[in-house]
Amino acid sequence: MRHGLARHPEVRELVEVVMDLGRRPLARFPSGDWVISDQPVTADDLRQDVDKVGEFSEDNRSGINHTLHRISAIRNRKAQIVGPTCRVGRAISRSAEMIRDLVVGGGSILVIGPPGVGKPL
């Protein structure tokens, strides 16, 4: 799957990868969804991916060490992961400069926006 995704013309704009058990894996881009493979995701595919990520917290989230990427998991009634989604995290240089005076002054900040616009500071 990774090789097909790496050749996508918008790979640098990738938002997230969705792997739901029994469905075709999707890559989400600002321009829309793209099917990574026509082969549905298997339990073995999920096992391999989850083993690479490691432990998920009680809120079904995990991360990849030394990156800003975030992984969330959907579980079935038996608590098995059936749908991990990896959201690509990107650093935006100097974006915190705009609110520096508020942070230094002890102000409170609430950042609101749709997914994928870079809310985490």
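K.L.:
Outline the pattern of salt bridges, listing residues and values.
P.N.:
Throughout the structure, instances matching the rule amount to six salt bridges. Residue Glu16 pairs with Arg87 through a salt bridge whose shortest N-O separation is 3.1 Å. Residue Glu16 is found in strand 1 (residues 16–18), and its partner Arg87 is found in strand 6 (residues 81–87); the two are separated by 71 residues along the sequence. In this pair, the class of Glu16 matches that of Arg87, namely buried. Here the salt bridges do not stand alone but share partners, grouping Glu16, Arg28, Asp33 and Arg87 into one network.

K.L.:
Lay out the nonpolar core in plain terms, naming residues and giving numbers.
P.N.:
For soluble globular proteins, nonpolar side chains are generally found buried alongside one another. Counting nine residues, the largest nonpolar core is built from Leu5, Leu14, Val17, Met19, Ala27, Phe29, Ile36, Val41 and Leu46. The next biggest cluster of nonpolar side chains, apart from the first, holds five residues, and it includes Val50, Phe56, Ile71 and Ala73.

K.L.:
Could you give an account of the layout of surface pockets, with specific residues and numbers?
P.N.:
Here the largest pocket defines a volume of roughly 890 Å³. Considering the residues around the largest pocket, the lining is formed by 25 residues, among which Arg2, Val17, Met19, Asp49 and Cys86 are closest to the centre. Elements that contribute at least two residues to the lining of the largest pocket include exactly helix 1 (2–6), helix 2 (43–53) and strand 6. In terms of residue count, helix 2 provides more of the lining of the largest pocket than any other element does, six residues in total. Partitioning the lining of the largest pocket into residue classes produces 16 nonpolar, five polar and four charged.

What counts and how
Residues numbered from 1 in each chain as written. Predicted model: local features only at pLDDT ≥ 70, side-chain atom pairs only at ≥ 80, totals over all residues. Heavy atoms only, no water. Salt bridge = Lys/Arg side-chain N within 4 Å of Asp/Glu carboxyl O. Helix = DSSP H or I, 4+ residues; strand = E, 2+ residues; numbered from the N terminus. Buried < 20%, exposed > 50% of the residue type's maximum accessible area, 1.4 Å probe, protein only. Core = buried A, V, L, I, M, F, W, Y, C linked by side-chain atoms within 4.5 Å. 1 Å grid on protein atoms, 1.4 Å probe; cavity = no way out; pocket = protein on both sides within 12 Å on 5 of 7 lines; lining within 4 Å. Points joined across faces, edges and corners; volume = space filled by probe spheres on them. Nonpolar A, V, L, I, M, F, W, Y, C, P; charged D, E, K, R; others polar.

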